[in-house]
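# Overview (structure and organization)
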Amino acid sequence: MRLNAQSSARLPALVRQPGYDRATQAIGVVHLGIGAFHRAHQAVYTDDAMAAGDRNWAIAGVSLRSRAVREAMAPQDGLYTVSERGAAGEAIRLVGAVREVIAAPDAPDRVLDLMAAPTTHVVTLTVSEKGYVRGAGGGLDFGNADIAHDAKMEGPPRTIYGYLAQGLKRRRAEGLSGLTILSCDNLAENSAQLAALLNAFLEAHDAELGKWAADACAFPCSMVDRIAPAVTPADLDHIAARLGMRDEAAVVTEPFRQWVIEDKFAGPRPKWEAGGAQLVANVSAYETAKLRMLNGAHSALAYLGLARGHAHVHEAMQDAELAPLVRQLMIDAAASLDERGPDPEPYAAQLVERFSNPALPHRLAQIAMDGSQKVPQRWLAVLRANVAAGRSSAAHLRALAAWIDYVKGDGHKVEDPMASELAALWRAHGKERIVSALIGEGGMFAQTWTAPADVITSVTGLLRA
Ligand code: CS2
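Residues numbered from 1 in each chain as written. Predicted model: local features only at pLDDT ≥ 70, side-chain atom pairs only at ≥ 80, totals over all residues. Heavy atoms only, no water.

### Remarks on the packing of helix α16 (residues 394–406) against helix α18 (residues 453–464)
At their nearest, the axes of α16 and α18 sit 9 Å apart, and the two run at 60 degrees to each other. Of the possible angle classes, the one that applies to α16 and α18 is oblique. The handedness of the crossing between α16 and α18 comes out as right-handed. Each of Leu 397, Arg 398, Leu 400, Ala 401, Ile 404 and Asp 405 in α16 lies in contact with α18, whose residues at this interface are Val 455, Ser 458, Val 459, Leu 462 and Leu 463. In the contact of α16 with α18, the residues fall into eight nonpolar, one polar and two charged. (Axes fitted to C-alpha atoms, helices over the stretch in contact; angles between N-to-C directions. Helix = DSSP H or I, 4+ residues; strand = E, 2+ residues; numbered from the N terminus. Parallel < 35°, antiparallel > 145°, perpendicular 65-115°, else oblique. Left-handed = near helix turned anticlockwise from the far one by under 90°. Contact = heavy atoms within 4.5 Å. Nonpolar A, V, L, I, M, F, W, Y, C, P; charged D, E, K, R; others polar.)

### Comments concerning the packing of aromatic side chains
Counted by the stated rule, this structure contains seven aromatic pairs. Note on Phe 265 and Trp 272: the rings are 6.4 Å apart at their centroids and 50 degrees apart in plane angle, and the pair reads as tilted. Relative accessible area serves as the criterion here: at 1%, Trp 272 is assigned to the buried category. Three or more aromatic residues link up through ring pairs in this structure, and these residues are Tyr 45, Trp 259, Phe 265 and Trp 272. Of note, Arg 39 hangs over the ring of Tyr 80, and the distance from its end group to the ring centre comes to 5.8 Å. For Arg 269, the ring lying beneath its charged end belongs to Phe 265, and the centroid distance is 5.4 Å. (Phe/Tyr/Trp six-rings, centres within 6.5 Å; stacked < 30°, edge-to-face > 60°. Buried < 20%, exposed > 50% of the residue type's maximum accessible area, 1.4 Å probe, protein only. Lys NZ or Arg CZ within 6 Å of the ring centre and 35° of its normal.)

### Let's talk about the site of the ligand
The immediate surroundings of the ligand are formed by Asn 186, Val 224, Asp 225, Arg 226, Lys 290, Asn 295, His 298, His 362, Ile 367, Lys 374 and Arg 378. The contact in question runs from an oxygen atom of the ligand to an N or O atom on the side chain of Asp 225, over 2.6 Å. A distance of 2.9 Å separates an oxygen atom of the ligand from a polar side-chain atom of Lys 374. Looking at the shell around the ligand, the elements with two or more residues in it are β9 (222–225), α10 (284–307) and α15 (371–388). Viewed by domain, the shell around the ligand spans two of them, domain 1 (7–280) and domain 2 (284–464), each represented by three or more residues. (Near = heavy atom within 4 Å. Polar contact = N/O pair within 3.5 Å; in protein donor to acceptor, adjacent residues only side chain to side chain. Domains from an automatic or database assignment.)

### Considerations on the sheet that holds strand β10 (residues 251–253)
Ordered by their spatial adjacency, four strands build an open sheet running β1-β5-β4-β10, and the pairing between neighbours is mixed. Two strands lie at the open edges of the sheet, namely β1 (15–16) and β10, each paired on one side alone. The sheet contact formed by β1 and strand β5 (residues 89–95) spans two bridges and is parallel. Its bridge partner lying in β5, Arg 16 is registered against Arg 93. Relative to the sheet, helix α2 (residues 42–51) contacts β1, β4 (80–86) and β5, its axis offset from that of β5 by approximately 65 degrees. Where helix α9 (residues 233–243) meets the sheet, its contacts fall on β1, β4, β5 and β10, and the angle it forms with β4 comes to roughly 105 degrees. (Pairing = 2+ DSSP bridges.)

### Quick look at the pattern of salt bridges
Evaluated as defined, the whole model comprises 32 salt bridges. Asp 319 is the partner of Arg 308 in a salt bridge, and the nearest nitrogen-oxygen pair spans 2.8 Å. Pair noted here: Arg 308 is in the loop between α10 and α11 (313–316) and Asp 319 is in the loop between α11 and α12 (322–335), with a separation of eleven residues, a long-range link. Three or more residues are tied together by salt bridges with common partners; here these are Arg 16, Asp 47, Asp 48, Arg 93 and Arg 257. (Salt bridge = Lys/Arg side-chain N within 4 Å of Asp/Glu carboxyl O.)

### Some words on the sheet that holds β9
Taken in spatial order, the three strands of this open sheet run β9-β11-β12, and their pairing is mixed. Strand pairing shows two members of the sheet lacking a second neighbour, β9 and β12 (278–280), which therefore form its edges. With strand direction ignored, the average angle separating the axes of adjacent strands in the sheet is 15 degrees. With three bridges connecting them, strand β11 (residues 258–262) and β12 associate as parallel partners. If you follow Ile 261 over to β12, its bridge partner there is Leu 279. The strands touched by α10 are β9, β11 and β12; relative to β9, the strand with the most contacts, the crossing angle is about 40 degrees.

### Things to note about the nonpolar core
Core analysis: the biggest nonpolar cluster contains 78 residues, and Phe 355, Leu 400, Trp 403, Ile 404, Leu 438 and Ile 439 have the highest contact counts within it. Residues from two domains meet in this core; each of domain 1 (7–280) and domain 2 (284–464) gives at least three. With residues near it in sequence (within four places) discarded, Phe 355 still touches Ile 227, Leu 294, Ala 297, His 298, Leu 301, Val 313, His 314, Met 317 and Met 330. Formed by 41 residues, the second largest nonpolar core is a distinct cluster that contains Tyr 132, Met 153, Leu 197 and Cys 217. (Core = buried A, V, L, I, M, F, W, Y, C linked by side-chain atoms within 4.5 Å.)

Spelled out as structure tokens, the structure:
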């Protein structure tokens, strides 16, 4: 038996059911990038809002490329379960918030229709760092073939910019209000970056629309946090045994979740606070702290952990050499923050505990993906601030050496949009000059941080060792 609207009535009592009538909810949110993270995070908050009586915030989830999520969720009428795994065991809930799932390449007009529907007020995004199509310097990569295609503003879009631009163009033509466009990706100042990138895209092709979008739309920044590892076939089998039916769209996650949102909307919004979201005037302190402490430590665990033969985060956390290094990295990251965020010591302790959760194996190789998109904001921003202020950041230098070694690709595939450029740099410069080619004067990441000579020497030394 497969989970769907009908069979869901036969789920065992241990599964918490959505407390509202799904069928009568209009779509209010279009989400770009419906992967496991969205299903474990924003969709759960939206489900809580509707369970608390808020109405018409059903989600249309869009995959920009792959058909896999639609294939898993459409036969299930958009239903799926979330399993929270922690010290207290496993709690399972059924989430009803997703009403429709679209594989954009098969139905681009449906996506645009929904973006231009009067009942749609919010577009959320989890398209991962690379979905923003930034060059190494952080600006929009106008050389990218998909951006060049979308810039023509005709035919099915391929990137978030093409969808947003065409969707907004229709709204404007139809005299509708603007949208709240809310990035839920791990980027510093995420929606402000998105606003600037979208504006750069529009300015080059339709400056009038760019002006309208800047006035009519809101781009609230947000800090999103929940560890949701990629689901394995064994997870799906385990969940099927507990549910008494198959759920091909199930997600597994930790009990912890946090969402801090800048309180700046273009129109109505779901009452996400019903699920515990915090609406605040300024999120950057939370966001930067999370990015540098949690995600920065995650990336360090990934490259150092893989090099030491570990497969999962919780195993790397048991490594007596790595655990203190990663804790120090969090404290050094906290020192780099301009604004006071969470208290570093208790925040770091909580992260250590979350990372050590043995009930939720999180593959280091998954976190190691797309390093060129993650390392600048997770580590280089920390190093830039700490080195300039004369503060030590030895753990970051070790992590950086491990990443540089990793992208050489000895004995493994490097999954990264810049993998071939990184491999070419390695071939051209070798071990003695690669560090400089990346973070030295004129290096690939020099726009984020140009490291002084002594730092290049010490990272090169670590790499040699
Ligand atoms: C991880 C994040 O894959 C990664 O790069 O660091 O997905 C992390 O698990 C989440 O941001 C936690 O909120």
